[in-house]
Amino acid sequence: MGTQGTHGTQGIPESREPNGQDRGTARRALLGAAVLGAGGAVLGLPGAARADERHASGGHGGGYKGLPKPTVIGHRGASGYRPEHTFGSYQLALDMGADVVEAGDLVPTKDGHLVCRHEPEIGGTTDVSAHPEFADRKTTKTLDGIPVTGWFTEDFTLAELKTLRAVERIPANRPHNTLYNGRWEIPTFEEVLHWQDEQTRKRGKQVWIYPETKHPTYFRALGLGLEERLAKVLRKHGKDKKNSPVIIQSFEPTGIQRLDKLVDNPLVVLLSAANTRPWDFVTTGDPRTVADLVKPEGLKWIASYAQGIGPTLDLVIPKDANGALTTPTTLVADAHRAGLILHPYTMRNENTFLPANFRQGTDPNAYGDAFGAFKTYFATGIDGVFSDNADTALLAREDFVNG
């Protein structure tokens, strides 16, 4: 995800993790997808996703507005159960029934290919540290103002990255996911687009994806502009249209403005904590904070080039000093008044990520009352939500829709 939040493991900026790190364990191996090696070839399972009539025609009639509401977005796939941003994780999210799969967070290689990794630093998400031939690539860089030490995608060619395998990013918190360490390689975005087409054919239902451009300002300074590369790949595959099943997101508003001139896809501005500033604003001297952007005037400005916002859940319902939910803000109504959809992030089942009033027991990594939390957030009128646990989110939506 983006950069304007608290910091995750190994000092890596982690904007979708309000508590600073992912936690929890996979409670089961559900509908395991068979996915093999090079090129991410997927051996198809029967589509377990529940066909939604509004979606069955491909959703192209109304584009993203034709998606089920509230929309369930598989956060980096099914990252509660598989190492994130792998075809195993993406496939499982689809098999669980996710309406959209966040595939993926896009970062470039040295030779300009877009690959799917949560961050450009890959020491925590691949087995690169076990490759002696790459030991001398370890370095420290300043990423959006923060020193980060490790291995970076922009220092590897695609061929070199393809010799690596994905691992669970937070093994201490998701030990069950480590079962799948080494099983999948790093997917390219082009491979994701082929996978999307293949799955759409097999399921008879349009598969939607929700890629994010990571650290656009950082990569532009390195001569690896993300927006032009993304637009080129989308155009090549005929997926740069208004009703194309690809929603694009970024924490940098100027990056979304740039994309608005390059493609016709639905665009979403991600918003971190209220007191933060997008990194592109920091570099250009724009004094506005996220708190300014969520005011009616800021939302109207966003709506001039984007179709939605992806706010942290705390911008929808703030928490008190004890971590319990308080009164919802006016953000949902204000955004809708500006013509924007809202897809907040990130819902997880574990106590450590749930509001204090929905935690159960004393184990921070045990599941709490996720259904109660989903119900409370859905009641605000949000249009969808990112979740590590698409299966839970879909059951919660069913409860909510059926009253």
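Above: the structure in question.
Basis of the calculations
- Residues numbered from 1 in each chain as written.
- Predicted model: local features only at pLDDT ≥ 70, side-chain atom pairs only at ≥ 80, totals over all residues.
- Heavy atoms only, no water.
- Helix = DSSP H or I, 4+ residues; strand = E, 2+ residues; numbered from the N terminus.
- Buried < 20%, exposed > 50% of the residue type's maximum accessible area, 1.4 Å probe, protein only.
- Contact = heavy atoms within 4.5 Å.
- Areas by Shrake-Rupley, 256 points an atom, 1.4 Å probe, with all protein chains shown as cover.
- Phe/Tyr/Trp six-rings, centres within 6.5 Å; stacked < 30°, edge-to-face > 60°.
- Salt bridge = Lys/Arg side-chain N within 4 Å of Asp/Glu carboxyl O.
- Pairing = 2+ DSSP bridges.
- Axes fitted to C-alpha atoms, helices over the stretch in contact; angles between N-to-C directions.

Undergrad: Whenever I open this one, the overall build of the protein chain confuses me. Can you help?
TA: Check the secondary structure of the protein chain and you find 14 helices and 15 strands. A burial count over the protein chain gives 60% of its 403 residues as buried. Long-range pairs, those at least 24 residues apart, make up 68% of the contacts in the protein chain between residues at least 6 apart in sequence. Working note: accessible area of the protein chain is about 14,700 Å², and carbon and sulfur atoms make up 54% of it.

Undergrad: Quick question: what am I supposed to make of the packing of aromatic side chains here?
TA: We describe a pair of aromatic rings using the distance from one ring centre to the other and the angle between the two ring planes. Taken as a whole, this structure holds 12 aromatic pairs when the rule is applied. Taking 5.9 Å as the distance between ring centres and 55 degrees as the angle between the ring planes, the aromatic pair formed by Phe87 and Trp195 counts as tilted. Placement of Phe87 in helix α2 (residues 87-96) and of Trp195 in helix α4 (residues 189-203) is noted, with a sequence separation of 108 residues between them. One exposure class covers both Phe87 and Trp195, and it is buried. The rings of Phe87, Tyr90 and Trp195 are connected pair by pair, giving a single aromatic cluster.

Undergrad: Help me out: how do you make sense of the pattern of salt bridges in this one?
TA: A side chain with one charge may pair with a side chain of the opposite charge, provided their charged atoms come close. Counted under the stated rule, the structure contains 27 salt bridges. With a shortest N-O distance of 2.5 Å, Lys162 and Glu185 are connected by a salt bridge. With Lys162 in the loop between α3 (158-161) and α4 and Glu185 in the loop between α3 and α4, the pair connects residues that are 23 residues apart, well separated along the chain. Residue Lys162 is classed as buried on the basis of its relative accessible area of 18%. The shortest N-O distance in the salt bridge between Arg174 and Asp388 comes to 2.6 Å.

Undergrad: Sorry if this is basic, but what is going on with unusual backbone geometry here?
TA: Comment: phi is negative for the bulk of residues other than glycine, and the bulk of peptide bonds are trans. Here Lys69 and Pro70 are connected by a cis peptide whose omega angle stands at -15 degrees. Within the fold, Pro70 resides in the loop between α1 (53-56) and β3 (71-74). Cis geometry marks the peptide bond from Tyr345 to Thr346, where omega comes out at -20 degrees. By secondary structure assignment, the location of Thr346 is in the loop between β14 (341-342) and α13 (370-378). Positioned with a positive phi, His85 is a non-glycine residue whose angle comes to about 50 degrees. Along the polypeptide, His85 turns up in the loop between β3 and α2. A residue is classified by how much of its surface remains accessible, and His85, at 0% relative accessible area, is buried. If you check the backbone angles, His215 has positive phi at about 50 degrees while not being a glycine. Mapped onto the elements of the fold, His215 is located in the loop between β10 (212-213) and α5 (216-221). We classify His215 as buried; its relative accessible area is 2%.

Undergrad: Explanation requested: the sheet that holds strand β4 (residues 100-101) in the structure shown.
TA: The strands that make up a sheet pair up through hydrogen bonds in the backbone, lying either parallel or antiparallel. A sheet is described by the order of its strands in space; here 4 strands give the open sequence β9-β4-β3-β15, paired in parallel fashion. Edge positions in the sheet fall to β9 (208-209) and β15 (384-387), since each has one partner strand and no second. Across 2 bridges, the pairing between β4 and β9 is parallel. In the strand pairing of β9, Val100 is matched with Trp208. Its contacts with the sheet put helix α14 (residues 390-401) on β3 and β15, and the angle it makes with β3 is roughly 175 degrees.

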